[in-house]
Amino acid sequence: NTKTFIFDLDGVIVDTAKYHFLAWQRLASQLGIEFTPEHNEELKGVSRVKSLELILAIGNIEASQEDKNKWLIQKNTEYLSYIDDIDQSEILPGVLFVLDYLKKNKHNIVLGSASKNARPILEKTNIMHYFDAIVDGNDVTNAKPDPEVFLQGAKKMNDNPKNCIVFEDSVAGIQAANIANMISIGIGDKEVLQEANFVFPDFTHIDINFIDNLVNR
Ligand code: G16
Ligand code: MG
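Presented here is an overview of the structure given in this document. For clarity, every value in this text was computed on a predicted model and none was experimentally measured. (Residues numbered from 1 in each chain as written. Chains lettered and ligands numbered in written order. Predicted model: local features only at pLDDT ≥ 70, side-chain atom pairs only at ≥ 80, totals over all residues.)

## Concerning the site of ligand 1
No. 1: Ligand 1 sits among 21 residues. The nearest are Leu 9, Asp 10, Ser 113, Ala 114 and Ser 115.
No. 2: Elements with a contribution of two residues or more to the shell around ligand 1: helix H1 (17-30) and helix H3 (48-58).
No. 3: Taken together, the residues that form the shell around ligand 1 break down as five nonpolar, eleven polar and five charged. (Near = placed C-beta within 6 Å. Helix = DSSP H or I, 4+ residues; strand = E, 2+ residues; numbered from the N terminus. Nonpolar A, V, L, I, M, F, W, Y, C, P; charged D, E, K, R; others polar.)

## A few points about the nonpolar core
No. 1: Membership of the largest hydrophobic core comes to 52 residues, with the highest contact counts inside it found for Ile 6, Phe 7, Leu 9, Phe 150, Ile 165, Val 166 and Met 182.
No. 2: It is helix H8 (residues 171-179) that provides the largest number of residues to this core, a total of five residues.
No. 3: Dropping the residues within four chain positions of it, Phe 7 is found in contact with Val 12, Ile 13, Leu 111, Gly 112 and Phe 167. (Core = buried A, V, L, I, M, F, W, Y, C linked by C-beta atoms within 7 Å. Buried ≥ 20, exposed ≤ 12 C-beta atoms within 10 Å, placed from the backbone. Contact = placed C-beta atoms within 7 Å.)

## Some details on the pairing of strand S1 (residues 4-7)
No. 1: Burial of S1 is two-sided: the residues Thr 4 and Ile 6 facing one way and the residues Phe 5 and Phe 7 facing the other way are all buried.
No. 2: Where S1 meets strand S4 (residues 164-168), four bridges bridge the pair, whose relative direction is parallel. Residue pairing in the sheet places Phe 7 in a bridge with Phe 167 of S4. (Pairing = 2+ DSSP bridges.)

## Here's the deal with the sheet that holds strand S3 (residues 133-135)
No. 1: Judged by pairing direction, the sheet is parallel, and its six strands sit side by side in the order S3-S2-S1-S4-S5-S6 without closing on themselves. If you trace the sheet from one side to the other, it starts and ends with S3 and strand S6 (198-200), each paired once. With strand direction ignored, the average angle separating the axes of adjacent strands in the sheet is 20°.
No. 2: Each of S1, strand S2 (108-112), S3 and S4 is contacted by helix H7 (residues 148-156), which is oriented at about 160° to S3, the strand it contacts most. (Axes fitted to C-alpha atoms, helices over the stretch in contact; angles between N-to-C directions.)

## A closer look at the pairing of strand S5 (residues 183-187)
No. 1: Of all five residues that make up S5, five are buried, and the element is covered over most of its length.
No. 2: The alternating pattern of S5 places Ile 183, Ile 185 and Ile 187 and Ser 184 and Gly 186 on opposite faces, both of which are buried.
No. 3: One ladder, built from four bridges, connects S4 with S5; its direction is parallel. Within S5, the residue paired with Ile 165 across the bridge is Ile 183.
No. 4: Chirality of the crossover, the property in question, places the unit of S4, H8 and S5 among those that are right-handed.
No. 5: Bridging between S5 and S6 involves three bridges; their strand directions are parallel. (Right-handed = clockwise from strand over helix to strand, strands pointing away.)

Here it is in structure tokens:
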């Protein structure tokens, strides 16, 4: 009874969502835009380009493509400076336990991230070896909530979407998993992630019984 477990990266496996926020917030304040944590929820799981569009819309700013490109590079350069020296301590609580349990039970483990920086993060945190397949921001053309990223993951494993379980911290990602006909598990606030099939505050609340029940349902 093998299942495919698809993990989002930022905010699910590693605590890098805070660095995306800091980098976007700096850019926004430079542009005179007030960018709040509530605004930031809408950016989670959303591609870099689309995130900038959302921020500019908040500030009612129209900009040339040249300026946008410059700001995208600025944001990513700042983000890279934060993740430059991350290590395994940045992995969120309970994640390694779940990865070990899934590996031991021979389930497929797939990364499904919107980030173009996913691979260096998996390397720096020393968890690349867990993954049977990686789909990231370099592979997909349609950003979450489009289900492309997760459907590509299922395809790489030759598995049916109905047999896939997605862990996500973003509203856009939960919607993508639901549209893909996968089981969606929200990691975070259940008020924010109401559309998920299940929600846990973090991986320390996911136990072996829960996983076994999912596998055998
Ligand atoms: C992540 C973050 C988003 C970020 C996106 C693109 O996705 O949640 O905030 O904008 O990737 O990241 P980058 O600028 O590194 O390409 P995920 O899907 O791993 O949560
Ligand atoms: Mg995320």
